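What the coordinates show
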Amino acid sequence: MSDDIRNPDRKMTLQMVAPESRHEQAYKYYLRKNVVPLVFLILCILGGYYSGLSLPFLINEIITRMARNSFIVISLIVPILAGMGLNFGIVLGAMAGQFGYVATANFQMTGFTGFFVTVLITVPLAIIFGWLTGKLFNQSKGKEMITGIILGFFANGIYQLILLYFMGNIIPIRVPTMLLSTGIGIRNTIDIKGMHYAIDNLWKIRLQIPGFIFPIIIPVVTLAALAALCIAVHFLFKTKLGQEFRATGQNRQIAEVAGIKVDRIRILAIIFSTVLAGIGQVIFLQNLGNINTYGSHVQVGTFAVAAILIGGASVTKATISQALLGTLLFHTLFIVSPLAGKNLIGDAMIGEYFRVFITYGVIGVALALHAWQAKQKRR
Amino acid sequence: MPEECLISQKPTLKERILDFYRDFGVARLIIFAFLIFLLASAFALKLPMEQILSSVLTRFGMNGILVLAMIPSIQSGTGPNFALPLGITCGIVAITLSIELNMAGFSGFFFSVGVAALLGAATGFLYGFLLNRVKGQELTVGTYFGFSIVSLMCIFWFLAPYKSPEMIWPYGGSGLRVTIALQDRIGKVLDNFLAFDFFGVTVPTGLLLFFALFCTGLWLFSRTRTGIALSTVGTNPKFAESSGLNVNRYRIIGSTISQALGAVGIVVYAQSFGFIQLYMAPLFMAFFAVASILIGGASLKKSTVTHAVIGTFLFQSILVVSMPVANIVVADNIADVIRIIISNGIILYALTRKETGGDLS
């Protein structure tokens, strides 16, 4: 959509047809460009109204979820700008994070040290996974997204094989309570109480709102880490490497001619994404305090992709603010939809089904729109 | 005429064998070796081979038509039909209608098949228009289109005004049950039709005949004018267009037949399985069908009935044999994990093959 305005011919016709209503045109353009976030904003406000939740509770929930989910959503930006589409392969990053936690839980580490060591284990694992994913994507250029989706399922199979049948068997586990009663395989939930709120609790600010009983709690360190990430990603695209990402994303052939090692840049983009997703999953799980061993990572890709698309990003364009806005809207919908469904139709499941449908539907529509536009451009 | 050009290019038997050998590839070799290993260990463990063979035959017939549904989709150039849940939900709607109308036995079965085919064809026709607008991204769009339909249908199952006590919760609760038993309805009608025992192996004659009927039908269709045009459109859309074929029209035909087969396929599957599962159950069914045909030797652009038959047989054999073997040797549930790894591994392999090109269209 936004290509229209960049196209000089199109701009000229706009000006020639209606010179007096340029403001109106700009307004319409703005509306059209932001239609997806606006629709979801309205949905969120309606849902919030009908859910009957009190404002401080809602704000607390939103802050918690923003702090723990934004990292993973931002991890999608680099591959999008490098022209690889939505990286569904971040599921592998999440798995790296969970492997990290299995290791630290195995050595019964706690607190910030435990969290830090988990990150230290996660990063190299995520680099390896990202490198392999990047190699695979280079083999299937033009089909990165479907390859990423299937790769997620495939990796999940391997993950289950390792955790269910190798751990406690080939890989020794020190803590017997982590294992199933047979002594082989990790239980359905891994307790990481020792690392619960490891960075959230480092510094918390309580804001009392007059007229409400519950204060608003702000996990400063987690949000600071998020802010640091945003600034880092912003400056990454000002460096030479960042420009190479962009050049590769705009046109692979031209980038290749310009002397950029396209395949290498693409692998780097995926490694960036996977590592960020891995750290994101570690932050996410320290907030939850326990790991759903065979479930926590499965939906990571789908949810992150839905969130960034709801924020107004597309398969080829994404910004940090879109990622943050999308996370805000998507997770607000997460909180309010079951209650709104219950109050409107009388059953919480309706709201839940509606939310699942929105998640998949948004991705489907965004992908279809992208393919549609790409086809029109080719003509 | 384009048809004549193609017929003259028909490969000889020798070329076809060489082609088959080249297309077979490493991934399939591993899977084939794995199956032989499983069979050998099943023999060594003295497992009841009659029982295993019976259930291979049943599962082969029960999944066959769902795999056949991939053929028109691949042939018309839209790639494996990842949006199969669309057809599958149509089939499930047809079965619930037959129960609501209090039908049982063969009348219920044929009513379900008829309604399923009609609904599947109608939705497949409409879905074809979407496919034509998203050329090159059919696989990704299809996957998420299938997911969205399944989740949208969850709301339908929840709100639909069905009355039959077999389908709604006995008391309290709203919406249809998650699992609906078919034993007094269409359960096993095909399986038990003319079934006989052969050295202890139960042969579900009706089921296999029904599958064979569809295989023959699809094979005959691929020999007709429309069928040949369909595969021309898939293998070489530029050539097809220049010889006067309407590419978009044939892609819609491919999608229509594919979804109709998917709808009929789930009816056959359900009658053999004895249950229908609603809500999120159809979510991942497409992946197993895609994996089956790829194991049989198909690629993202080329498939035949033979690929579907061989693939279904191999994939289902692995599933059936791996379960008892794994139970004895390793642990209880490893067969499920193996199924996930094999099915997604073969799809990944097909996606990274160079000859399929960077773009499906």
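Residues numbered from 1 in each chain as written. Chains lettered and ligands numbered in written order. Predicted model: local features only at pLDDT ≥ 70, side-chain atom pairs only at ≥ 80, totals over all residues.

Here we look at the overall build of chain B
Looking only at helices and strands, chain B features 15 helices and four strands. Taking 21 Å as the expected radius of gyration for a compact globule of 361 residues, we find that chain B reaches 21 Å, a close match to that expectation. Across its three principal directions, the C-alpha atoms of chain B cover 60 × 55 × 35 Å. Within chain B, buried positions represent 50% of all 361 residues. Long-range pairs, those at least 24 residues apart, make up 78% of the contacts in chain B between residues at least 6 apart in sequence. (Helix = DSSP H or I, 4+ residues; strand = E, 2+ residues; numbered from the N terminus. Rg over C-alpha atoms; globule rule 2.2 N^0.38 Å. Buried ≥ 20, exposed ≤ 12 C-beta atoms within 10 Å, placed from the backbone. Contact = placed C-beta atoms within 7 Å.)

Looking at the overall build of chain A
Counting its regular elements, chain A contains 16 helices and four strands. Compactness check: chain A gives a C-alpha radius of gyration of 22 Å against a globular reference of 21 Å for 379 residues, within 12% of the reference. Overall, the C-alpha framework of chain A stretches about 75 × 60 × 35 Å when taken along its three principal axes. Buried residues in chain A amount to 46% of all 379 residues. Of the contacts made within chain A by residues no fewer than 6 positions apart, 71% connect residues no fewer than 24 positions apart.

So, the environment of Val298 of chain A
As for its position among the elements, Val298 of chain A is in the loop between strand S4 (290-292) and helix H14 (300-310). Spatially, the C-alpha atoms of Val298 of chain A and Tyr353 of chain A are 18 Å apart, while their sequence positions differ by 55 residues.

What about the interface of chain A and chain B?
Much of the literature gives interface size as the accessible area that the parts lose upon coming together. Facing the 39 residues of chain A at the interface are 34 residues of chain B. Residue contributions to the side of chain A that touches chain B peak at 16 residues, all from helix H16 (residues 348-378) of chain A. Among the residues forming the side of chain A that touches chain B, the class breakdown is 26 nonpolar, nine polar and four charged. (Nonpolar A, V, L, I, M, F, W, Y, C, P; charged D, E, K, R; others polar.)

Re helix H9 (residues 205-223) of chain B
Residue and element names in this part refer to chain B. The terminal C-alpha atoms of H9, which comprises 19 residues, lie 27 Å apart, in line with the 27 Å expected from a rise of 1.5 Å per residue. All of the buried residues along H9 are Gly206, Leu207, Phe210, Phe211 and Leu218. The buried side chains of H9 occupy one side of the element, clustering within an arc of 140 degrees when seen end-on. In H9, the exposed positions angled more than 90 degrees off the buried face are occupied by Leu213, Thr216, Leu220 and Arg223. (Expected span 1.5 Å × (residues − 1). Arc of directions from axis to C-beta.)

A look at the packing of helix H5 (residues 84-100) of chain B against helix H12 (residues 247-273) of chain B
Residue and element names in this part refer to chain B. Taken N-terminus to C-terminus, the directions of H5 and H12 make an angle of 50 degrees; their axes are 7 Å apart at the nearest point. In terms of orientation, H5 and H12 fall into the oblique class. The hand of the H5/H12 crossing is right-handed. Where H5 approaches H12, its residues Leu84, Leu86, Gly87, Ile88, Cys90, Gly91, Ile92, Ala94 and Ile95 are matched on the opposing element by Gln259, Ala260, Gly262, Ala263, Val264, Ile266, Val267 and Ala270. Considered class by class, the residues forming the contact of H5 with H12 number 13 nonpolar, four polar and no charged. (Axes fitted to C-alpha atoms, helices over the stretch in contact; angles between N-to-C directions. Parallel < 35°, antiparallel > 145°, perpendicular 65-115°, else oblique. Left-handed = near helix turned anticlockwise from the far one by under 90°.)

Some details on the confidence of the model for chain A
Here chain A averages 85 in pLDDT, while 94% of its residues score no lower than 70. In the model, residues 1-17 of chain A has pLDDT below 50 throughout and makes eight contacts with residues more than four positions away in sequence or in other chains. (pLDDT = per-residue confidence, 0-100.)

A word on the confidence of the model for chain B
All names here are of chain B. Residues with a pLDDT of 70 or more make up 91% of chain B, whose mean pLDDT is 84. Across residues 1-6, where pLDDT falls below 50, the model places seven contacts with residues more than four positions away in sequence or in other chains. Here residues 356-361 is modelled with pLDDT under 50, and outside its nearest four sequence neighbours on either side it reaches 16 contacts, counting other chains as well. Taken together, the chains of this predicted complex give a pTM of 0.86 and an interface ipTM of 0.84.

Quick word on unusual backbone geometry
Residues and elements named next belong to chain B. Although it is not a glycine, Asn102 adopts a positive phi angle of roughly 60 degrees. Within the fold, Asn102 resides in the loop between H5 and helix H6 (105-133). Take Asn102: there are 10 C-beta atoms within 10 Å of it, and that puts it in the exposed class. For Lys188, which is not a glycine, the phi torsion comes out positive at approximately 60 degrees. With respect to the helices, strands and loops of the structure, Lys188 is situated in the loop between strand S1 (179-181) and helix H8 (189-192).

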